[in-house]
Amino acid sequence: MKISTQLNCTIILALHCYLPGLAGAGEPASYNWQMTQLFQPTPADLKREAKGRIMIYDGLTDKTVERALDEQFDRVETMMFTSVVVTDDSGEPTRDTDTGEIITEEDGCD
């Protein structure tokens, strides 16, 4: 079972690195699914996490990540956050002044 979990995580991470934006915040269905997984996991989700499943959340805001770390602290070891969107004090995404692109935290996948 451990090899299967590691393989699943490797595949998900590879997809994130090579297909950027696959599950980004700009896709409402994906965003809603991630929010449900993060804040309202089913008993089956929790069971899979207890067996070693790691969930990779992509494109969430820094404020959402902070909330998750506070509210879901007992599940932190089963979470990975990539392309976290940096927000300003009002919660709006911060944009690069030169390019106008939304700023995300560096996750090492280039």
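Being a predicted model, the structure only gives us computed values, none of them experimental.

Draft legend 1. Geometry of the overall build of the chain. Looking only at helices and strands, the chain has four helices and two strands in total. The burial tally for the chain puts 30% of its 110 residues in the buried class. Expressed as a percentage of contacts within the chain between residues at least 6 apart in sequence, the contacts between residues at least 24 apart total 54%. Element-wise, carbon and sulfur atoms account for 58% of the exposed surface of the chain, whose accessible area totals about 7300 Å².

Draft legend 2. Representation of the pairing of strand E1 (residues 55-58) within the structure. Of the two faces of E1, both are covered, the one formed by Met-55 and Tyr-57 as well as the one formed by Ile-56 and Asp-58. Relative to strand E2 (residues 79-82), E1 runs parallel, the two sharing four bridges. Directly across from Tyr-57, in E2, lies its bridge partner Phe-81. Crossover E1 to E2 through helix H4 (residues 62-71) is right-handed.

Draft legend 3. Summary view of the pattern of salt bridges. Per the stated rule, a full pass over the model turns up four salt bridges. In this structure, Asp-45 engages Arg-48 in a salt bridge whose closest nitrogen and oxygen atoms are separated by 2.6 Å. Taken together, the positions of Asp-45 and Arg-48, both in helix H3 (residues 43-50) and three residues apart, correspond to about one turn of that helix. Exposure remark for Arg-48: the relative accessible area of 39% places this residue in the partly exposed category. Arg-53 is paired through a salt bridge with Asp-45; the nearest N and O atoms lie 3.6 Å apart. Taken together, the shared-partner salt bridges in this structure form one network comprising Asp-45, Arg-48 and Arg-53.

Cut-offs applied
- Residues numbered from 1 in each chain as written.
- Predicted model: local features only at pLDDT ≥ 70, side-chain atom pairs only at ≥ 80, totals over all residues.
- Heavy atoms only, no water.
- Helix = DSSP H or I, 4+ residues; strand = E, 2+ residues; numbered from the N terminus.
- Buried < 20%, exposed > 50% of the residue type's maximum accessible area, 1.4 Å probe, protein only.
- Contact = heavy atoms within 4.5 Å.
- Areas by Shrake-Rupley, 256 points an atom, 1.4 Å probe, with all protein chains shown as cover.
- Pairing = 2+ DSSP bridges.
- Right-handed = clockwise from strand over helix to strand, strands pointing away.
- Salt bridge = Lys/Arg side-chain N within 4 Å of Asp/Glu carboxyl O.

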